[in-house]
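A look at the structure
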Amino acid sequence: GAKILDSISFVDSPGVLSGEKQRIGRSYSYTSVIEWFASRCDRILLLFDAHKLDISDEFKRTMECLKGNDDKVRVVLNKADSVNPQQLMRVYGALMWALGKVVRTPEVMR
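To start, this report covers the structure provided alongside it. Every value quoted in this text rests on a predicted model; they were computed, and no experiment measured them.

The rules behind each value
- Residues numbered from 1 in each chain as written.
- Predicted model: local features only at pLDDT ≥ 70, side-chain atom pairs only at ≥ 80, totals over all residues.
- Heavy atoms only, no water.
- Helix = DSSP H or I, 4+ residues; strand = E, 2+ residues; numbered from the N terminus.
- Buried < 20%, exposed > 50% of the residue type's maximum accessible area, 1.4 Å probe, protein only.
- Contact = heavy atoms within 4.5 Å.
- Areas by Shrake-Rupley, 256 points an atom, 1.4 Å probe, with all protein chains shown as cover.
- Arc of directions from axis to C-beta.
- Patch = residues over 30% accessible without salt bridge, like charges linked within 9 Å, V, L, I, M, F, W, Y side chains within 5 Å.
- Salt bridge = Lys/Arg side-chain N within 4 Å of Asp/Glu carboxyl O.
- Core = buried A, V, L, I, M, F, W, Y, C linked by side-chain atoms within 4.5 Å.
- Pairing = 2+ DSSP bridges.
- Right-handed = clockwise from strand over helix to strand, strands pointing away.
- Phe/Tyr/Trp six-rings, centres within 6.5 Å; stacked < 30°, edge-to-face > 60°.

Let us now look at the overall build of the protein chain. Along the protein chain, the regular secondary structure elements total four helices and two strands. Put simply, the protein chain runs from its N terminus to its C terminus through helices and strands in the order α-α-β-α-β-α. Counting over 110 residues, the protein chain shows a buried share of 25%. Summarising the internal contacts of the protein chain: among those between residues at least 6 apart in sequence, 73% fall at separations of at least 24. Accessible area of the protein chain: about 8100 Å², with a carbon and sulfur share of 54%.

Turning our attention to helix α3 (residues 57–65). Note: α-helices contain 3.6 residues per turn, so residues at a spacing of three or four share the same orientation. Within α3 the residues assigned to the buried category are Glu58, Phe59, Thr62, Met63 and Cys65. One side of α3 holds all its buried residues, which, seen down the axis, span an arc of 165°.

So, about a nonpolar patch on the surface. A contiguous nonpolar surface patch, about 480 Å² in accessible area, is contributed by Val11, Tyr28, Val33, Trp36 and Phe37. Looking at the element boundaries, Val33 is found in helix α2 (residues 30–40). What makes Val33 partly exposed here is its relative accessible area of 34%.

Core analysis: the biggest nonpolar cluster contains 20 residues, and Leu46, Phe48, Ile55, Met63, Leu66 and Leu99 have the highest contact counts within it. For this core, the secondary structure elements donating two or more residues are α2, β1 (44–49), α3, β2 (73–78) and α4 (85–103). Looking at which element gives the most residues to this core, the answer is α4, with five residues.

Residues of α2 that are buried include every one of Tyr30, Ile34 and Ala38, and no others. Axial view of α2: buried residues confined to an arc of 65°, hence all on one face. Residues of α2 that are buried sit in contact with β1 and α3.

Let us now look at the pairing of β1. Burial of the side chains of β1 is restricted to one face: Ile44, Leu46 and Phe48 are buried, whereas none of Leu45, Leu47 and Asp49 on the reverse face is. Of the strand pairs in this sheet, β1 and β2 are connected by six bridges, and their pairing is parallel. Each residue of the ladder has a partner; that of Phe48, found in β2, is Leu77. Traced from β1 through α3 to β2, the parallel crossover comes out right-handed.

Enumeration over the complete set of coordinates arrives at two aromatic pairs. Judged by centre distance (4.9 Å) and plane angle (90°), the ring pair of Trp36 and Phe37 falls under edge-to-face.

Okay, structure coming up:
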């Protein structure tokens, strides 16, 4: 295997809650955990499903707590291969519009 893989670790956070599950909450501060990991990692991947772009309140809070780590954040459009090119352009535009409302920065996220 590639030597670089010996020094890479992936940490997958628990999924962001949406809908009714947000009301139940967690037994710990999710954003505090995300902030702790964000300050210690080299890269942060925000995954979005090409078929479901809604950003829940908890996801908004999660993205807001990542401020100051902007250079580490990358946006990944998951399942992009399952839509045709025209749909992909619409999904991409909708995602950038939704992110713009949350991130509130003139620079487009990568």
